[in-house]
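Now for the letters of each chain:
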Amino acid sequence: HMKGSIFDLDGVIVDTAKYHFLAWRELAKELGFEFTEEHNERLKGVSRMESLRILLEIGGVQATEAEQQCMAQEKNDRYVKYISQLDESELLPGVRTYLTGLRMRGIGIALGSASKNAEFILERLQIASLFDAVIDGNKVSKAKPDPEVFLKGCEALRLDPSHCVVFEDAAAGVQAGKAAGCGVVGIGRPEILSEADLVVSGLIDLVK
Ligand code: B16
Ligand code: MG
């Protein structure tokens, strides 16, 4: 049975993908090409530098390592401007109720996200205090589907992975959770998340 829980951020707790999209689209426009919402799907759950690599490939743009660092910084500056406006109202349905319920049952709660802005986002959403541990893009070196982020989450909760459940919206995240030895609840479409032990459309489905 579940003693600990580890949550992905984007797509599970909040829809930050729409702000990533706006920021990436602005960068692409500056570089002289169109970046669509369909393109943006490829960046979900992917690290910042890997996202940039994919974006440059879409635009057919070559850039040196130094130029890429500069572009990633510019994208992040734009993104941070958007997420500075975040507030509680942008929590996805059921999130606060579900997390509060876990706390009342004594179940550990950790974040397992690729984002380097995760702490800031939790603060803006006013849910930072609900988390016992935050494992984010600043603490991991290997991206999902590598299990590192979730193994570190279990370690921070001082629990064996077999007692932890991962909540993920991306296929690579579901794979990472399984590879860590955790139970996995997929959030989204069953076709994409078939490796999960259970798939729901959102945390709201678990609080009814
Ligand atoms: P940052 P998650 C991921 O969040 C996003 O889905 C992905 O689009 C983003 O590129 C990545 O975080 C890195 O974010 O630029 O803020 O470090 O789903 O792993 O919570
Ligand atoms: Mg996600």
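Treat the numbers as computed from the prediction; the structure is a model and nothing was measured.

Caption draft 1: Representation of the site of ligand 1. Surrounding ligand 1, one finds 19 residues, the nearest of these being Leu9, Asp10, Ser113, Ala114 and Ser115. In the shell around ligand 1, the residues fall into 4 nonpolar, 10 polar and 5 charged.

Caption draft 2: Region of the structure containing the packing of helix α1 (residues 17-31) against helix α4 (residues 65-83). Two elements in contact, α1 and α4, have axes whose closest approach is 9 Å; the angle formed by their N-to-C orientations is 140°. In terms of their interaxial angle, α1 and α4 are classed as oblique. You can see that α1 and α4 cross each other, and the crossing is right-handed. Where α1 abuts α4, its residues Tyr19, His20, Leu22, Ala23, Trp24, Glu26 and Leu27 lie against Met71, Glu74, Lys75, Arg78, Tyr79, Tyr82 and Ile83. For the contact of α1 with α4, the residue count by class is 9 nonpolar, 1 polar and 4 charged.

Caption draft 3: Up close: α4. In this model α4 runs 27 Å from its N-terminal to its C-terminal C-alpha over 19 residues, within 8% of the 27 Å that 1.5 Å per residue would give. Inspection of α4 places Met71, Lys75 and Tyr79 among the buried residues, and these make up the whole buried set. The arc enclosing the buried residues of α4, seen along the axis, measures out at 70°, which places them on a common side. Of the exposed residues in α4, the ones pointing more than 90 degrees away from its buried face are Ala66, Cys70, Gln73, Asp77 and Lys81.

Caption draft 4: Focus on the packing of helix α3 (residues 48-59) against α4. Contact geometry for α3 and α4: axes closest at 10 Å, N-to-C directions at 105°. As far as their axial angle goes, α4 and α3 are roughly perpendicular. Contacts between α3 and α4 involve Arg48, Met49 and Leu52 from the former and Gln68, Met71, Ala72 and Asn76 from the latter. Each residue belonging to the contact of α3 with α4 can be placed in one class, and the counts come to 4 nonpolar, 2 polar and 1 charged.

Caption draft 5: How the structure looks around the sheet that holds strand β5 (residues 183-187). Judged by pairing direction, the sheet is parallel, and its 6 strands sit side by side in the order β3-β2-β1-β4-β5-β6 without closing on themselves. A strand with exactly one partner marks an edge of an open sheet, and here the two such strands are β3 (133-135) and β6 (198-200). The sheet shows a mean angle of 20° between the axes of neighbouring strands, direction not considered.

About the thresholds
- Residues numbered from 1 in each chain as written.
- Chains lettered and ligands numbered in written order.
- Predicted model: local features only at pLDDT ≥ 70, side-chain atom pairs only at ≥ 80, totals over all residues.
- Near = placed C-beta within 6 Å.
- Nonpolar A, V, L, I, M, F, W, Y, C, P; charged D, E, K, R; others polar.
- Axes fitted to C-alpha atoms, helices over the stretch in contact; angles between N-to-C directions.
- Helix = DSSP H or I, 4+ residues; strand = E, 2+ residues; numbered from the N terminus.
- Parallel < 35°, antiparallel > 145°, perpendicular 65-115°, else oblique.
- Left-handed = near helix turned anticlockwise from the far one by under 90°.
- Contact = placed C-beta atoms within 7 Å.
- Expected span 1.5 Å × (residues − 1).
- Buried ≥ 20, exposed ≤ 12 C-beta atoms within 10 Å, placed from the backbone.
- Arc of directions from axis to C-beta.
- Pairing = 2+ DSSP bridges.

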